[in-house]
Amino acid sequence: MPRRSRTLTGLLLFTSLTLTTAGIAGIAATANASPEKPAAAAGTHAEHAAYSMPGMPGMPASTQASGDDPDGDGYIMADPPVTGVTPSMEVPPPAYFHEFQAKCAPTHTAPDDPIVYPGQPGKSHDHTFMGNTTTNANTTTASLETGDTTCLAPGDKSGYWMPSLFNGDTKILPEGVQTIYYKSGVTDYTSVRPFPRGLRYVVGSPMQTEDEFKNLKGTVEGWECGEAYKNYDFPASCPTSQDTQLNLRLQAPSCWDGIHLDTPDHKSHMAYPVASGNNYNSCPADHPVALPMIEFKMAWPVKGDMSQVKLASGAGFSFHYDFMNGWDAATLDAMATHCIKGGLQCDPHGYDENHPDQGAVLDENYELP
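Residues numbered from 1 in each chain as written. Predicted model: local features only at pLDDT ≥ 70, side-chain atom pairs only at ≥ 80, totals over all residues. Heavy atoms only, no water.

> Outline the nonpolar core, listing residues and values.
By size, the foremost hydrophobic cluster in this structure holds 65 residues, and its most contacted members are Tyr160, Ile180, Tyr182, Leu246, Ile294 and Trp300. Apart from the residues lying within four places of it in its own chain, the contact partners of isoleucine 294 are Ile180, Tyr181, Tyr182, Phe195, Tyr201, Leu250, Gln251, Ala252, Tyr321 and Phe323. Ranked by size, the runner-up nonpolar core spans 8 residues in total, among them Ile115, Phe129, Leu144 and Trp161. (Core = buried A, V, L, I, M, F, W, Y, C linked by side-chain atoms within 4.5 Å. Buried < 20%, exposed > 50% of the residue type's maximum accessible area, 1.4 Å probe, protein only. Contact = heavy atoms within 4.5 Å.)

> Let's hear about the packing of aromatic side chains: which residues, and what values?
Summed over all chains, the structure comprises 16 aromatic pairs. Measuring from centroid to centroid gives 5.0 Å for phenylalanine 195 and phenylalanine 323, while their planes differ by 45°, and the two rings are tilted. Here phenylalanine 195 is found in the loop between β10 (178-183) and β11 (200-203), whereas its partner phenylalanine 323 is found in strand β25 (residues 321-324), with 128 residues between them in sequence. Taking the relative accessible area as the measure of exposure, phenylalanine 195 reaches 6% and is therefore buried. Both rings, one in phenylalanine 296 and one in tyrosine 321, keep their centres 3.7 Å apart while their planes meet at 5°; by these two values the pair is stacked. In this pair, phenylalanine 296 is assigned in strand β22 (residues 293-300) and tyrosine 321 in strand β25, connecting sequence segments 25 residues apart. Judged by its relative accessible area of 1%, phenylalanine 296 falls in the buried class. For tyrosine 321, a relative accessible area of 0% puts it in the buried group. (Phe/Tyr/Trp six-rings, centres within 6.5 Å; stacked < 30°, edge-to-face > 60°. Helix = DSSP H or I, 4+ residues; strand = E, 2+ residues; numbered from the N terminus.)

> Before we move on, could you go through helix α5 (residues 329-340) and cite the residues and values that matter?
The end-to-end C-alpha separation of α5 is 15 Å, in line with the 16 Å expected for 12 residues at 1.5 Å each. Of all the positions in α5, only Thr331, Leu332, Met335, Ala336, His338, Cys339 and Ile340 are classed as buried. Packing partners of the buried residues in α5 comprise β4 (99-104), β10 and β26 (345-346). (Expected span 1.5 Å × (residues − 1).)

> Go over the sheet that holds strand β16 (residues 255-256) with me, naming the residues and quoting the values.
What the 3 strands build is an open sheet, ordered β18-β16-β21; its pairing is antiparallel. Edge strands, defined here as strands with exactly one partner in the open sheet, are β18 (270-271) and β21 (289-290). Summarising the sheet, β16 and β21 pair through 2 bridges and their orientation is antiparallel. Looking at β21, one finds that cysteine 255 is bridged to alanine 290. (Pairing = 2+ DSSP bridges.)

> Tell me about the state of the cysteines, residues and numbers included.
The tally for this structure, following the rule as stated, stands at 4 disulfides. Each sulfur in the disulfide pair cysteine 104 and cysteine 151 lies 2.1 Å from the other. Because the sign of the S-S torsion sets the handedness, a value of about 100° for the bond joining cysteine 104 and cysteine 151 places this disulfide among the right-handed ones. Taken as a pair, cysteine 104 in strand β4 and cysteine 151 in the loop between α3 (141-146) and β7 (159-163) lie far apart in primary sequence, 47 residues in all. The exposure class assigned to cysteine 104 is buried, which follows from its relative accessible area of 0%. For cysteine 151, a relative accessible area of 7% puts it in the buried group. Each disulfide pairs two cysteine sulfurs, and for cysteine 255 the partner residue is cysteine 283, the sulfurs being separated by 2.1 Å. Its S-S torsion of approximately -85° makes the covalent link between cysteine 255 and cysteine 283 left-handed. Of this pair, cysteine 255 sits in strand β16 while cysteine 283 is found in the loop between β20 (280-282) and β21, placing the two residues 28 residues apart along the sequence. What links to what in the protein: the bonded cysteines, counted in sequence order, pair as 1-2, 3-4, 5-6, 7-8. (Disulfide = S-S within 2.5 Å.)

> I'd like a description of the side chain of threonine 179, backed by residues and values.
Tracing the backbone shows threonine 179 in strand β10. A distance of 2.8 Å separates polar atoms of two side chains, one belonging to threonine 179 and the other to lysine 103. (Polar contact = N/O pair within 3.5 Å; in protein donor to acceptor, adjacent residues only side chain to side chain.)

Have a look at this one:
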């Protein structure tokens, strides 16, 4: 289907949904500006230089054509879109866990960001890349699929990246494989679907304030070291014991609009689950499709005096990360079905040691048997 037709379809479907977030409300405000693009794409790039969502400052809009976005308007459409979904309010069987782990090691660093600055090498602040070894400014969905990966599961060729951390002038990379959780963010964990091919987004923003980082729905406890928790900028010091590391966890939005694989602000197509009565979490009506909630759990080998520790993007509260889906579809579907929809706590093999009778998804080589 030609891009123009996909875009028109996306506009009609997307604007028919209830518009509740500030970013989507901004899209609705320009709904009549152009019949050929989703509403927020109307006008020149200068006219929509930044978008924002509740609790998140704006990010520069995409203005560069790329392999996945040939016209450079920042919109990448799902083909086919996922429509007719109503957020689930079902109560599934009790299960304390519904997750699996991806284990991925850092692979390289570069001042590139193929989501925010596609096709523009060197324009970004420095990033530490994990997972796919080929990720750079020119990365596309197709290039991820042909790349290699530092994730234990060969089927996970996703690109994961975050601002590099420095102690003074020394760049500090996380040591060894890092844990990336894939879990349910909604109460009805049986409603979670695998990521669509080519989905990408940014979690948080390099421009957020300390208060915005603290109150971001995905922030979990802030920066941690030793017994110090809830630091939303780097703590002044950390214990010097051998096992001390600087830790951070940050959860991604997990509700998708079903239409866009990316939007100009790299956020508006995604939303966090919303709480209702009785501790029930569901996707909002304008982002009804429940996807896995990614949670970065990073650990850097820094300790002692932290006065010279900074991120390439600035202070500790500027932490954010990017995700570009490069999973083999069959592998991700099997892991999500067995572990998330199955209510299990799985390791990278898709095995829950508390339920050994359920078996594993992946073999000794982390591949589908």
